[in-house]
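# Observations on the three-dimensional arrangement
Listed below are the residues making up each chain.
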Amino acid sequence: MRITVGSRTLTRDEVVALARHAAEVVIDADALVAMGETRALIAGLAHDTVPHYGVSTGFGALATTHIPLAKRAELQRSLVRSHAASSGAEVEREVVRATMLLRLATLATGRTGARPVVAETYAAMLNAHITPVVGEYGSLGCSGDLAPLAHCALAAMGEGTVRNAAGDLVSAGSALAAAGIRPLELEEKEGLALINGTDGMLGMLCLALADLDGLVATADLAAGLSVEGQLGTDRVFASDLQQLRPHPGQATTAANLRAVLAGSAIVASHRTDDCTRVQDAYSLRCAPQVHGAVRDTMAHAALVASRELAGAIDNPVVTLDGRVESNGNFHGAPVAYVLDFLAIAVADLASMSERRTDRFLDPARNAGLPPFLAHDPGVDSGHMIAQYTQAGIVSELKRLANPASVDSIPSSAMQEDHVSMGWSSGRKLRRAIDGLGRVVAIELLTAARGIDLRGIAPSPVTAAVVAALRAEVEGPGPDRYLAPEIEAAVRLTQSGALLAAARSVVPELV
């Protein structure tokens, strides 16, 4: 796949394709021309006696310090070196690649005043799969993701540490030399243009939405299996009932549940006059309302992402009529808020999944199944501790749902006196999404065991999902080493394999 950056807006799918897969990036020829034109404006300001922020002055609280002409190139190098100050665990390759692509996209708009060679160097690094090493801590989300972006810029200068295409830890200078890339020698404003953006948090938002697209559909699937395995009713998912409360996400999840349960002999087995159950518990009955709200939250986050992808974020910027203006567009609040909003939705989705799992294990609530789905209750513990694992994850997800974006900490001698913490919002969301996948996987593992124990033919969708699971995890029996089975279910869930099995029967599952 080839991705072109320039005047057009990148899509979320393109960001994911380059971050995770072998997509190649190219710069539109017209974009290089536009960059050259705006660079000429910056070059003219470099000799102006009037101070211009980032061109002939210091940065942040040092913005009033005039920098002599002879030291302005040194100013840019010093900016990058001093801001490459991250610490902690190494940030994932896909996040760094997404960050670099998004910074490249802003450079290619021609609004930053950077030379074409700056953009070309970033494109060459991405295509050579050279990934700067970035520590987890260092960004306050304002002025953008400074420290992560500075590490990327440092690598483009041939300094610092990177991972090469093989994943080896090497010096940036040696990696660039091996790829035939000349290290950048920054000129006026270019260091600033490389570090002033919301690219890290936006990259994490794009990746998160891609993960959640599959995970929420898989959560719908898990809910369907739980309703079936616990002898629940599908009548509450009827389309006309959902239309009485016309939230689009709710309608989508209800349609998925109807598709999952269609043709189930288990569901049909208790559609009789002697069935005394009036209604199911909330975790079963209200799945469309909760899962649907997650979907609608994702839709709002996707709208914010699309707007941010269309932006050209730097400070100062070169306007379309040639002015060089300071601004506050680097503030990460719009992205930070939705990253936190998604973390809340993820925690609640996992919480409902855990509640459905727990119902399978309690003989007072599981409609005739053995306690803990154990082969020989008392001797065997069945899935008792699998639910403990879920509970531990859900507890952490509730902590991760605490918003980072309300926790501004002033910096830069009070010049940057309100920051977004959007990078932190993104970091905790990534951990939350991993936890959600594990919780849903355990629900699927438990639901499949409960359905097998029923001994009645499940729906065609359920049969396909259970068959895919049984290819790696044995069915009910005496207690076995459970952790590998949980990890197998997690792999099948996070890879989309179980969802693919369901879609092989009902392609319209979304």
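A brief structural summary. From a predicted model like this one, the values you see are computed outputs, not experimental measurements. (Residues numbered from 1 in each chain as written. Predicted model: local features only at pLDDT ≥ 70, side-chain atom pairs only at ≥ 80, totals over all residues. Heavy atoms only, no water.)

### Digging into the overall build of the protein
Across its full length, the protein carries 20 helices and nine strands. Its C-alpha atoms put the protein at 90 × 50 × 40 Å along the principal axes. Burial statistics for the protein: of 510 residues in total, 54% are counted as buried. Looking at the protein alone, contacts between residues at least 24 apart form 78% of all its contacts between residues at least 6 apart. With the model as given, the accessible surface of the protein reaches about 20200 Å², and the carbon-plus-sulfur share is 56%. Of the charged side chains in the protein, 43 are positive and 55 negative, and the gap between their average positions amounts to 1 Å. (Helix = DSSP H or I, 4+ residues; strand = E, 2+ residues; numbered from the N terminus. Buried < 20%, exposed > 50% of the residue type's maximum accessible area, 1.4 Å probe, protein only. Contact = heavy atoms within 4.5 Å. Areas by Shrake-Rupley, 256 points an atom, 1.4 Å probe, with all protein chains shown as cover. Lys, Arg positive; Asp, Glu negative; His and termini not counted. Charge placed at Lys NZ, Arg CZ, Asp CG, Glu CD.)

### What about the pairing of strand S2 (residues 24-27)?
On S2, burial follows the alternation: Val25 and Ile27 on one face are buried, whereas Glu24 and Val26 on the facing-out side are not. Taken together, the four bridges between strand S1 (residues 2-5) and S2 define a ladder with parallel strand orientation. Counterpart to threonine 4 in the pairing with S2 is valine 26. Once you follow S1 into helix H1 (residues 12-20) and on to S2, the crossover reads as right-handed. (Pairing = 2+ DSSP bridges. Right-handed = clockwise from strand over helix to strand, strands pointing away.)

### Some details on the pattern of salt bridges
Inspection of every chain in the model, using the stated rule, returns 33 salt bridges. Notably, a salt bridge pairs aspartate 199 with arginine 103, separated by 2.7 Å at the nearest N-O pair. Taken together, the residues span a long stretch of sequence, with aspartate 199 in helix H9 (residues 199-229) and arginine 103 in helix H4 (residues 93-107) at a distance of 96 residues. For aspartate 199, a relative accessible area of 4% translates into the label buried. Among the residues examined, arginine 103 registers a relative accessible area of 0% and is labelled buried. The partner of aspartate 321 in a salt bridge is arginine 323, and the shortest N-O contact between them spans 2.8 Å. (Salt bridge = Lys/Arg side-chain N within 4 Å of Asp/Glu carboxyl O.)

### Focus: helix H11 (residues 248-261)
Under the 1.5 Å per step criterion, the end-to-end length of H11 is 20 Å for 14 residues, consistent within 8% with the ideal 20 Å. Along H11, the residues classified as buried are Gly249, Gln250, Thr253, Ala254, Asn256, Leu257, Ala259, Val260 and Leu261. Where H11 is buried, its residues meet H9, helix H10 (239-243), helix H12 (265-269), helix H14 (287-309) and helix H18 (460-470). Remark: glycine 263 follows H11 within two positions and exhibits a positive phi of approximately 80°. (Expected span 1.5 Å × (residues − 1).)

### A look at the sheet that holds strand S7 (residues 169-171)
Pairing within the open sheet is antiparallel, and its three strands lie in the order S4-S6-S7. Single-partner strands in this sheet number two, and they are strand S4 (131-132) and S7. Pairing of S4 with strand S6 (residues 161-163) involves two bridges; the strand directions are antiparallel. The residue bridging proline 132 from the neighbouring strand is valine 162, located in S6.

### So, the environment of cysteine 206
The topology assignment puts cysteine 206 in helix H9. If we skip the residues at most four places from it in the chain, cysteine 206 touches Arg12, Val15, Val16 and Leu309.

### Here's the deal with the nonpolar core
In terms of nonpolar packing, the biggest core is built from 131 residues, with Val5, Leu104 and Leu205 touching the most fellow members. Examining the composition of this core, we find that 15 residues originate from one element, H9, more than from any other. Not counting chain neighbours up to four residues away, the residues in contact with leucine 205 comprise Ala301, Ala305, Val335, Val338, Leu339 and Leu342. Among the nonpolar cores identified, the runner-up in size contains eight residues, and Phe237, Val267, Leu284 and Ala287 belong to it. (Core = buried A, V, L, I, M, F, W, Y, C linked by side-chain atoms within 4.5 Å.)

### Side note on H9
Between its first and last C-alpha, H9 extends 44 Å over 31 residues, near the 45 Å set by a 1.5 Å rise per residue. Along its length, H9 reaches its greatest deviation from straightness, about 25°, at leucine 212. Of the residues trailing H9, leucine 231 is marked for its positive phi of about 55°. (Bend = angle between axes of the 7 residues up to and from the residue.)

### Considerations on the side chain of aspartate 220
If you trace the backbone, aspartate 220 turns up in helix H9. Of the polar contacts made by the side chain of aspartate 220, one reaches the side chain of arginine 295; its length is 2.7 Å. Setting aside anything within four residues of it in sequence, one finds aspartate 220 in contact with Thr253, Asn256, Leu257, His291, Arg295 and Val510. (Polar contact = N/O pair within 3.5 Å; in protein donor to acceptor, adjacent residues only side chain to side chain.)

### Digging into the layout of surface pockets
The calculated volume of the largest pocket comes to roughly 740 Å³. Around the largest pocket, the lining is made up of 30 residues, and of these Asp211, Arg430, Arg431, Ile433 and Asp434 lie nearest the centre. Only H1, strand S5 (135-137), H9, helix H17 (422-454) and helix H19 (482-494) provide two or more residues apiece to the lining of the largest pocket. A per-element tally of the lining of the largest pocket places H17 first, with eight residues. Of the residues contributing to the lining of the largest pocket, the split by class is 11 nonpolar, nine polar and 10 charged. (1 Å grid on protein atoms, 1.4 Å probe; cavity = no way out; pocket = protein on both sides within 12 Å on 5 of 7 lines; lining within 4 Å. Points joined across faces, edges and corners; volume = space filled by probe spheres on them. Nonpolar A, V, L, I, M, F, W, Y, C, P; charged D, E, K, R; others polar.)

### Things to note about empty space enclosed by the protein
Gaps between atoms show up when a probe of the same size as a water molecule is rolled over them. A complete count under the given rule lists one cavity of 30 Å³ or more for this structure. Reported here for the largest cavity is a volume of approximately 40 Å³. Every residue along the wall of the largest cavity is listed here: His383, Leu445, Arg449, Arg470, Val473, Glu474, Arg480 and Glu485. Tallied by class, residues from the lining of the largest cavity come to two nonpolar, one polar and five charged.

### Notes on the environment of methionine 352
Positionally, methionine 352 belongs in helix H15 (residues 333-361). C-alpha separation for the pair methionine 352 and valine 439, spaced 87 residues apart in sequence, amounts to 9.8 Å. Those residues in contact with methionine 352 that sit more than four places away from it in its chain are Tyr282, Ser283, Cys286, Ala287, Val290 and His291.

### Focus: the packing of H17 against H18
Two elements in contact, H17 and H18, have axes whose closest approach is 10 Å; the angle formed by their N-to-C orientations is 110°. Between H17 and H18, the angle falls in the class roughly perpendicular. Helix-helix and strand crossings are classified by hand; for H17 and H18 the assignment is left-handed. When H17 is examined against H18, the residues Leu444, Leu445, Ala448, Arg449, Ile451 and Asp452 are found in contact with a partner set consisting of Thr462, Val466, Leu469 and Arg470. Grouping the amino acids of the contact of H17 with H18 by side-chain chemistry returns six nonpolar, one polar and three charged. (Axes fitted to C-alpha atoms, helices over the stretch in contact; angles between N-to-C directions. Parallel < 35°, antiparallel > 145°, perpendicular 65-115°, else oblique. Left-handed = near helix turned anticlockwise from the far one by under 90°.)

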